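An overview of the molecular structure
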Amino acid sequence: MRILLANDDGFHAPGLWPLYEALLPLGDVWVCAPEREQSARSHALTMHKPLRARERKPQCYAISGTPADCVYLGLHGLLEDRPDVIVSGVNRGANLGNDVLYSGTVAAAMEGALHGIPAVAVSLHFDWTQEVETLHFDEAARVGALVAKQVLERGLPHRRLLNVNVPNRPHVEGLRVVPLGERLYDVLADHRTDPRGRPYWWIGGAPQGFAGGEESDGAVCDEGFATITPLSADLTDHDELRRVRTWFS
Ligand code: MN
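The present account deals with the structure reproduced in this document. Since the structure is predicted, the reported quantities are computational estimates derived from the model, not experimental observations.

A few words on the coordination of the manganese ion. The protein atoms donating to the manganese ion are Asp8 (OD), Asp9 (OD), Ser39 (OG) and Asn91 (OD1), with metal-donor distances spanning 2.1 to 2.2 Å. Read in sequence order, the donor residues coordinating the manganese ion give the pattern D-D-x29-S-x51-N. With aspartate 9 in the loop between strand E1 (2-6) and helix H1 (16-23) and serine 39 in the loop between strand E2 (28-34) and strand E3 (53-57), the pair connects residues that are 30 residues apart, well separated along the chain.

Let us look at unusual backbone geometry. In terms of backbone geometry, most residues other than glycine have negative phi values and most peptide bonds are trans. Cis geometry is found at the peptide bond from glycine 89 to valine 90, where omega equals -5°. By the element assignment, valine 90 lies in strand E5 (residues 85-92). Despite not being glycine, glutamine 59 shows a phi value in the positive range, around 70°. In this structure, glutamine 59 sits in the loop between E3 and strand E4 (60-63). Of note in the backbone geometry, arginine 159 takes a positive phi value of approximately 60° without being a glycine. Judged by relative accessible area, which is 35%, arginine 159 ranks as partly exposed.

Cut-offs and rules
Residues numbered from 1 in each chain as written. Predicted model: local features only at pLDDT ≥ 70, side-chain atom pairs only at ≥ 80, totals over all residues. Heavy atoms only, no water. Donors = N, O, S within 2.8 Å, 3.2 Å for Na, K, Ca; no water. Helix = DSSP H or I, 4+ residues; strand = E, 2+ residues; numbered from the N terminus. Buried < 20%, exposed > 50% of the residue type's maximum accessible area, 1.4 Å probe, protein only.

Quick look at the structure:
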């Protein structure tokens with residue numbers, strides 16, 4: 001089996017290499033990761049400047065682009081053969097609920113799904129106040145590899161991925177397959193003045209819990225379970241499709 005591993009925190013991020021180690025027993029692992037952090041870049045592609053790929057160790061590339069660039073370049077430029085699965089992570093921070101729309105981690109997996117390769121995105125859910133030293137990337141990597149193994153054995157339908165979130169603890173309570181909920185954040189657009197007297201803005205507030213019910217991903221992950229949510233590239237809302245059609249018939 002051939003595995004392409006990507007992330008959005010960058011080639012030197014603490015979550016990438018535990019997942020690399022956990023995936024090694026499953027097959028031939030290749031790494032295509034951004035050379036710098038690309039969190040919250042979603043599915044951006046670099047179209048107007050060149051991309052550089054530097055092989056830092058055999059089959060492991062640091063790439064001067066976005067997470068989606070990394071998977072695209074891995075599939076069409078760097079890997080000798082097509083991978084059987086794309087794995088992205090372990091992200092330093094949850095991708096729960098609407099986070100998946102901003103996430104570079106999920107986008108890297110989605111890029112694989114769009115090219116017809118089943119994919120898994122893995123993220124570690126922790127409180128912002130926790131120190132990096134207390135993060136259990138090894139446990140998240142173990143869960144991520146376990147899910148990747150199932151995907152390799154059973155496959156996924158076309159243009160699908162599994163979004164995995166792992167609570168930050170030495171051992172998860174178990175695995176639960178649940179829908180996305182809603183993640184709530186403070187709204188922040190902080191207006192400041194730079195040392196040269198010119199205005200600038202800083203956006204993005206602190207997380208404020210979850211909505212969407214007790215059986216949705218955020219609530220279940222908060223209870224200590226790793227959550228798995230199947231996602232599809234097809235964003236069509238089929239209920240609304242029927243309703244909006246009546247407006248124009
Ligand atoms: Mn990230």
